[in-house]
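# Commentary on secondary and tertiary structure
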Amino acid sequence: MTVFPKPTTDCTAEPSVKTNRDTGLLKITAFVTMAVDHIGYVFFPDKMWLRIIGRIAFPLFAYCLATGCIYTKNPKKYAIRLLIFSFVSQPFYSLAFFPYNTNQLFDPINYGTFGGAVSTVASNLRLNVGFTMLLALFAIEALKNKNWLVFGIVSVASLWEGFEYSLYGVVLMVLMYVLCQKSADAFGLVIGIYLLASFMDTPNCVFMGISLNAQGFAVLALPLMLANTKSEIKIPRWLGYGFYPLHIFIIYLAKLFII
């Protein structure tokens, strides 16, 4: 059993996605809401409404990954592109969002012993969302090929909090992959409950006098995934992969001059 099967050349069987296929529009929406979220995180940390808008982004990216795993004819190349994207994005991500952790990672005093080195890396390394999406891709391909060993390894690895969204994100993408091929109703019900459940996590904001976790507002992305939009927007591959590191780099440069 392999994680990545041989690239398929049979185009006679069209994959059946029961939810929104207009991923161009979804990606544009994800780009905008992600930028709003990151600007709020860096420059306006007290403006929770910016972070609430930003909760829309990740479910849309997760959905695009899930449907991408359905339509791609070469999962291995898909994984390689994601890996390159993740490594290119990482320096900008670390410097813009986790400067303290990055300084700890490069401080020689923390590497005096093997245990100290492991503890330093485990507690300070924060990987961007591309690595989480790569984990999900491995999980989905393992599920396709019934490679339960790889599926189990990925599941355990995703428990590490160094991955952005960690297990929550990987499970979300696997669920989306399975359900978007079943029915829109099943997708809406299960994904809706899964996203809403985040409201019950450790509270990090107050909304209308109620303490809750802002991640629950990710459910606002659900109508877009269920709608039958037909914008015919086509996102060039270079933009699809380039927007994330580029906008983080711009935020980092602005941070140097403003803060």
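This is a predicted model, so every value here is computed, not measured.

### Comments concerning the overall build of the protein chain
The helix and strand inventory of the protein chain stands at 12 helices and two strands. If you list the helices and strands of the protein chain from N to C, you get α-α-α-α-α-α-α-α-α-α-β-β-α-α. Radius of gyration (C-alpha) of the protein chain: 19 Å, near the 18 Å computed for a compact globule of 259 residues. Reported as C-alpha extents along the three principal axes, the dimensions of the protein chain are approximately 60 × 45 × 35 Å. Counting the 259 residues in the protein chain, one finds 46% classified as buried.

### Observations regarding the pattern of salt bridges
Any two side chains of opposite charge can pair, given that their charged atoms come close. Under the defined criterion, the tally for this structure stands at three salt bridges. The salt bridge involving arginine 51 is made with aspartate 37; its shortest N-O contact spans 2.5 Å. Of this pair, arginine 51 sits in helix α2 (residues 48-54) while aspartate 37 sits in helix α1 (residues 23-43), and the two are 14 residues apart along the sequence. We classify aspartate 37 as buried; its relative accessible area is 6%. In this structure, lysine 144 and glutamate 141 form a salt bridge, with 2.9 Å as the shortest nitrogen-oxygen distance. Here lysine 144 pairs with glutamate 141, and both are found in helix α7 (residues 129-144), just three residues apart, close to one helical turn. If you follow the salt bridges from partner to partner, you end up with Asp37, Arg51 and Arg55 in one network.

### Points about helix α9 (residues 166-179)
The end-to-end C-alpha separation of α9 is 20 Å, in line with the 20 Å expected for 14 residues at 1.5 Å each. Along α9, 10 of the 14 residues are buried, which leaves the element largely enclosed by surrounding structure. Listed in full, the buried residues belonging to α9 are Ser166, Tyr168, Gly169, Val170, Leu172, Met173, Val174, Met176, Tyr177 and Leu179. Structurally, α9 contributes buried residues whose contacts are with α3 (57-71), α7, α10 (184-196) and α11 (222-226).

### Section: the nonpolar core
Core analysis: the largest hydrophobic core is formed by 64 residues, its most contacted members being Phe58, Tyr63, Leu65, Met176, Phe187, Ile191 and Met225. Broken down by element, the residue count for this core peaks at 11 residues, all from α3. Apart from the residues lying within four places of it in its own chain, the contact partners of tyrosine 63 are Val17, Thr19, Asn20, Arg21, Leu26, Met176, Cys180, Phe187 and Met225. Ranked by size, the runner-up nonpolar core spans five residues in total, among them Ile52, Leu212, Ala214 and Phe217.

### Re the environment of phenylalanine 163
Position of phenylalanine 163 among the secondary structure elements: in the loop between α8 (148-157) and α9. Each C-alpha atom of the pair phenylalanine 163 and alanine 254 lies 25 Å from the other, and the pair is 91 residues apart in sequence. Sequence-distant contacts of phenylalanine 163, that is, excluding residues within four places in its chain, are made with Leu127, Phe131, Thr132, Leu135, Ala157 and Ser158.

### Considering a nonpolar patch on the surface
Among the surface-exposed residues, Leu246, Phe249, Ile250, Leu253, Leu256, Phe257 and Ile258 lie close enough to one another that they form a single nonpolar patch of about 730 Å² accessible area. Tracing the sequence through the fold places isoleucine 258 in helix α12 (residues 237-258). In this structure isoleucine 258 comes out as exposed when scored by relative accessible area, which is 61%.

### Topic: the packing of helix α4 (residues 75-97) against α7
Contact pair α4 / α7: the axes reach a minimum separation of 8 Å and the direction vectors enclose 160°. The pairing of α4 with α7 is recorded here as roughly antiparallel in orientation. Seen from above, α4 lies across α7 with left-handed handedness. Contacts between α4 and α7 pair Pro75, Tyr78, Ala79, Leu82, Leu83, Phe85, Ser86, Phe87 and Gln90 from the former with Gly130, Phe131, Met133, Leu134, Leu137 and Glu141 from the latter. The residue makeup of the contact of α4 with α7, split by class, is 11 nonpolar, three polar and one charged.

### A few points about unusual backbone geometry
Even without being glycine, tyrosine 165 reaches a positive phi, approximately 70°. Checked against the element boundaries, tyrosine 165 lands in the loop between α8 and α9. You will see that serine 166, though not glycine, has its phi angle at about 35°, which is positive. Following the sequence through the fold, serine 166 ends up in helix α9. Owing to a relative accessible area of 18%, serine 166 belongs among the buried residues under this scheme.

Here is what the cut-offs are and how they apply
Residues numbered from 1 in each chain as written. Predicted model: local features only at pLDDT ≥ 70, side-chain atom pairs only at ≥ 80, totals over all residues. Heavy atoms only, no water. Helix = DSSP H or I, 4+ residues; strand = E, 2+ residues; numbered from the N terminus. Rg over C-alpha atoms; globule rule 2.2 N^0.38 Å. Buried < 20%, exposed > 50% of the residue type's maximum accessible area, 1.4 Å probe, protein only. Salt bridge = Lys/Arg side-chain N within 4 Å of Asp/Glu carboxyl O. Expected span 1.5 Å × (residues − 1). Contact = heavy atoms within 4.5 Å. Core = buried A, V, L, I, M, F, W, Y, C linked by side-chain atoms within 4.5 Å. Patch = residues over 30% accessible without salt bridge, like charges linked within 9 Å, V, L, I, M, F, W, Y side chains within 5 Å. Areas by Shrake-Rupley, 256 points an atom, 1.4 Å probe, with all protein chains shown as cover. Axes fitted to C-alpha atoms, helices over the stretch in contact; angles between N-to-C directions. Parallel < 35°, antiparallel > 145°, perpendicular 65-115°, else oblique. Left-handed = near helix turned anticlockwise from the far one by under 90°. Nonpolar A, V, L, I, M, F, W, Y, C, P; charged D, E, K, R; others polar.

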